[in-house]
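This is what each chain is made of:
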Amino acid sequence: PCLHFLTEIFTIKMEDVTGAQLIAEALKAQNVEYMFGIVGVPIIEVAMAAQASGIKYVGMRNEQAACYAASAVGYLTGRPGVCLVVSGPGLIHALGGMANANMNCWYEICLPFVVLFDSQVEACRLYSKFSARPSSLDMIPSVVEKAVRTSMYGRPGAVYVDISGDMVNAKVNRSRVREVPCCPPPPVSLADNMSITEALAVLKGAKRPLLIIGKGAAHGRAEGPLRELVEGCGLPFLPTPMGKGLLPDNHPNCVAAARSRSALLQADVVVLLGARLNWILHFGLPPRFDPHVKVIQVDLCAEEMGNNVRPAAALLGDISAVVKQLLDHVRKDGWKYPADTEWWTTLKQKMDALALQVTSPMTYYQVFHHIGQLLPRDCILVSEGANTMDIGRTMLPNCLPRHRLDAGTFGTMGVGLGFAIAAAAVQRGQNTGQRVVCVEGDSAFGFSGMEVETMCRYKLPVVIIVVNNNGIYSGVDAETWEMMGKMGELTTVAPPVTLLPDARYDEVMNAFGGRGFLVRTKEELLSALQISLSDWERPSLLNVLIDPSSDRKQQLLNRSNSL
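Please read all numbers here as calculations on a predicted model, not as lab measurements.

A look at the packing of aromatic side chains
(1) Moving on: Enumeration over the complete set of coordinates arrives at five aromatic pairs.
(2) Moving on: Plain terms: the ring middles of W106 and F419 are 5.3 Å apart, the flat faces sit at 50° to each other, and that makes the pair tilted. Of this pair, W106 sits in the loop between α5 (89-104) and β5 (108-114) while F419 sits in helix α16 (residues 416-430), and the two are 313 residues apart along the sequence. Side by side, W106 and F419 carry an identical accessibility label, which is buried.

Some words on the nonpolar core
(1) Moving on: Within the largest apolar cluster, 111 residues are counted, with the highest numbers of intra-cluster contacts made by F36, I296, L315, L405, V462 and I464.
(2) Moving on: If sequence neighbours within four positions are ignored, V462 has contacts with A420, A424, V436, C438, M455, P539 and S540.
(3) Moving on: Counting residues in each nonpolar core, the second largest holds 39 residues, with V46, V148, V159 and I163 among its members.

Focus on a nonpolar patch on the surface
(1) Moving on: A cluster of nonpolar side chains, V39, I44 and M48, forms an exposed patch at the surface whose accessible area comes to about 260 Å².
(2) Moving on: Residue position: I44 is located in helix α3 (residues 44-52).
(3) Moving on: For I44, a relative accessible area of 40% corresponds to the partly exposed category.

Focus: α5
Every α-helix winds through 3.6 residues per turn, so residues three or four apart in the chain are directed the same way.
(1) Moving on: Over its 16 residues, α5 runs 24 Å from end to end, which matches the ideal 22 Å to within 8%, given 1.5 Å per residue.
(2) Moving on: Most pronounced at L95, the bend in α5 amounts to some 30°.
(3) Moving on: Downstream of α5 by a residue or two, C105 has a phi angle that is positive, lying close to 60°.

Section: the UniProt feature "domain: Thiamine pyrophosphate enzyme central" (unreviewed entry) in the chain
(1) Moving on: As annotated by UniProt and renumbered to match this structure, "domain: Thiamine pyrophosphate enzyme central" (unreviewed entry) occupies residues 196-326.
(2) Moving on: Counted over residues 196-326, helix gives 31% and strand 18%. Its end C-alpha atoms are 7 Å apart.

Some thoughts on the sheet that holds strand β15 (residues 380-384)
(1) Moving on: With parallel pairing, six strands are arranged side by side in an open sheet as β16-β15-β17-β18-β22-β21. Strand pairing shows two members of the sheet lacking a second neighbour, β16 (404-405) and β21 (515-519), which therefore form its edges.
(2) Moving on: Pairing of β15 with β16, which is carried by two bridges, proceeds in the parallel orientation. Within the sheet, the bridge partner assigned to V382 lies in β16 and is L405.
(3) Moving on: With respect to the sheet, α16 is in contact with β15, β16, β17 (436-441) and β18 (463-468), its orientation differing from that of β17 by roughly 180°.

Things to note about the side chain of E145
(1) Moving on: Relative to the elements of secondary structure, E145 occurs in helix α7 (residues 140-152).
(2) Moving on: Those residues within four positions of E145 in sequence are excluded, and the remaining contacts are Q30, V180, P181 and C183.

A short note on the packing of helix α11 (residues 259-266) against helix α13 (residues 342-350)
(1) Moving on: In the contact formed by α11 and α13, the axes pass within 9 Å of each other and the chain directions differ by 160°. With respect to their mutual orientation, α11 and α13 come out roughly antiparallel. For the pair α11 and α13, the sense of crossing is left-handed. Taking contact as the criterion, the partners of S262, A263 and Q266 in α11 are, on α13, W343, T346, L347 and K350.
(2) Moving on: Across the contact of α11 with α13, the residue classes tally to three nonpolar, three polar and one charged.

A few points about the state of the cysteines
Covalent bonding between the sulfur atoms of two cysteines defines a disulfide.
(1) Moving on: Across all of its chains, the model carries zero disulfides by this definition.
(2) Moving on: With no disulfide of its own, C83 lies closest to C67 among cysteine sulfurs, the gap being 4.0 Å.
(3) Moving on: For the unlinked cysteine C254, the closest cysteine sulfur is that of C399, found at 10 Å.

Quick look at helix α15 (residues 387-395)
(1) Moving on: The buried fraction of α15 is high, at seven of nine residues.
(2) Moving on: Against α14 (364-374), β15, β16, β17 and β18 lie the buried residues of α15.

Let's talk about the pairing of strand β22 (residues 540-545)
(1) Moving on: Counting buried residues in β22 gives six out of six residues, a clear majority hidden from the surface.
(2) Moving on: Burial along β22 is two-sided: S540, L542 and V544 facing one way and L541, N543 and L545 facing the other are all buried.
(3) Moving on: Here β21 pairs with β22 via five bridges, running parallel. Of the residues in β22, the one forming a bridge with F517 is L542.
(4) Moving on: Taken together, β21, helix α22 (residues 522-534) and β22 constitute a β-α-β crossover, and its handedness is right-handed.

Some words on the packing of α14 against α22
(1) Moving on: Packing of α14 against α22 leaves a shortest axis separation of 10 Å and a crossing angle of 35°. When the axes of α14 and α22 are compared, the crossing they make is right-handed. Residues V367, H370, I371 and L374 of α14 form the contact with α22, whose own contacting residues are K522, L525, L526, L529, Q530 and L533.
(2) Moving on: A breakdown of the residues in the contact of α14 with α22 according to their chemical character gives seven nonpolar, two polar and one charged.

Here we look at the confidence of the model for the chain
Predicted coordinates in areas of low pLDDT are best not read in detail.
(1) Moving on: Across the chain, the average pLDDT comes to 91, with 93% of residues at 70 or higher.
(2) Moving on: Long-range and interchain partners of residues 114-118, a stretch whose pLDDT sits below 50, account for twelve contacts in this model, where long-range means more than four residues apart.
(3) Moving on: Predicted confidence is poor over residues 556-563, with pLDDT under 50, and the contacts of this stretch with residues over four places away or in other chains come to 14 contacts.

The rules behind each value
Residues numbered from 1 in each chain as written. Predicted model: local features only at pLDDT ≥ 70, side-chain atom pairs only at ≥ 80, totals over all residues. Heavy atoms only, no water. Phe/Tyr/Trp six-rings, centres within 6.5 Å; stacked < 30°, edge-to-face > 60°. Helix = DSSP H or I, 4+ residues; strand = E, 2+ residues; numbered from the N terminus. Buried < 20%, exposed > 50% of the residue type's maximum accessible area, 1.4 Å probe, protein only. Core = buried A, V, L, I, M, F, W, Y, C linked by side-chain atoms within 4.5 Å. Contact = heavy atoms within 4.5 Å. Patch = residues over 30% accessible without salt bridge, like charges linked within 9 Å, V, L, I, M, F, W, Y side chains within 5 Å. Areas by Shrake-Rupley, 256 points an atom, 1.4 Å probe, with all protein chains shown as cover. Salt bridge = Lys/Arg side-chain N within 4 Å of Asp/Glu carboxyl O. Expected span 1.5 Å × (residues − 1). Bend = angle between axes of the 7 residues up to and from the residue. UniProt positions renumbered as here; feature names shortened; annotations may be inferred. Pairing = 2+ DSSP bridges. Axes fitted to C-alpha atoms, helices over the stretch in contact; angles between N-to-C directions. Parallel < 35°, antiparallel > 145°, perpendicular 65-115°, else oblique. Left-handed = near helix turned anticlockwise from the far one by under 90°. Nonpolar A, V, L, I, M, F, W, Y, C, P; charged D, E, K, R; others polar. Disulfide = S-S within 2.5 Å. Right-handed = clockwise from strand over helix to strand, strands pointing away. pLDDT = per-residue confidence, 0-100.

If you want it as structure tokens, here you go:
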């Protein structure tokens, strides 16, 4: 028996393996669980090898959506997802997803396959943290490990591994391939103690403090320490779009409803916790911010410190670890921001509910009000669009961390369905019983609408809600559209923002075997959403027709408001 056992081991050690097998095994060794892509020559074998290794493969309808899905998996699970594409146009389609992942600081591995050596490695350096091609089959595990490690360490981002097409079916003896173990979790860095002392001195001297919780805090899994900081110190907080849910939106210290007119405008000390002073936060500049505001910046990336506004204190390190450092110091002296200040009074006065007027057709505010009443507390909410995303951010609640995915730092349209497919695949794999609800503008839905077939094929029970106003920002009704057609050629008279009135996006879902609903009234909306949320066997799409002129409520703020 011993001799037989040794013979089996020797046989295994000496067997030949293909490049496709090595790629799949190397990814699996790095705890990669999900791969998204569109197969073709020569990558079909790679997808099959990945499945044989236990990696879940989801075939998409467009490389860009596949890349969005892979990046969302990285954010949701903490391990990179893989986007598998062919070279040339396949890679070009994926570049948008790579750039979006890199800008959002999300893990992702893009794996294209080329037949000839070309400039793809250099081209992808612009959109990734790491771009390389293994020089031989036996180098594949080492390059994959470095790609995964680079994606996760420091500020997260996309990485690119280029494999020559002739490597896929080429063989090498397994004894020549060095086994590379899984890379460990990223090392945790702490802020300098002197900087902690300086930051607390600034915070304790604030009359109108404000914490801004960003996507970086969600990446750092900092929800526990943040709750202790907010509640222990009695501080108001404002989440960025994908910082929502680290603390529930209904938390008494959340001042999101007073965001622009009071919280940002009047705060004299702002603590940035994994948030960047980019367009989402108006670059930290007047008229949205006090020109004399003091910023305490907490970030994992040294290069981010001082972007747009010089910080009064810079705390470089892991968000969760740095917040714990702050907590250790405030516990020693028991400091807490008073609850009876004029600042808290001002913020609470501004946090009034938006007035809801009953109209027909419905408006954005009516639709989101009714949706918010039925959404499960633990659902993963995907949102994209112009007004759809902006208004929905304020009205659709998030109660759990990393349960909101939207257009992100790049403001990318077309991400919604890819994100939703990734979220649904992860929830199925983890068996959490959480619903994935994707709220789309009609224009945003058009970018990746064919991915409803992917949802139907894999029986992913995503609930898609298309808020249909017949246009980009605004549209026109069917009667006006018909009148414009009589005025002349539509390419010369139709406003560029218009789309086809009352388009039947619900029929697209029906065509692939999902469940589609055409919704015009509150009653139809509530009924369709209840049915969809109860159906775990197939995806649903609610095509909600609203007033084409429905718009955001105006923010009464201009340059003359600068303090």
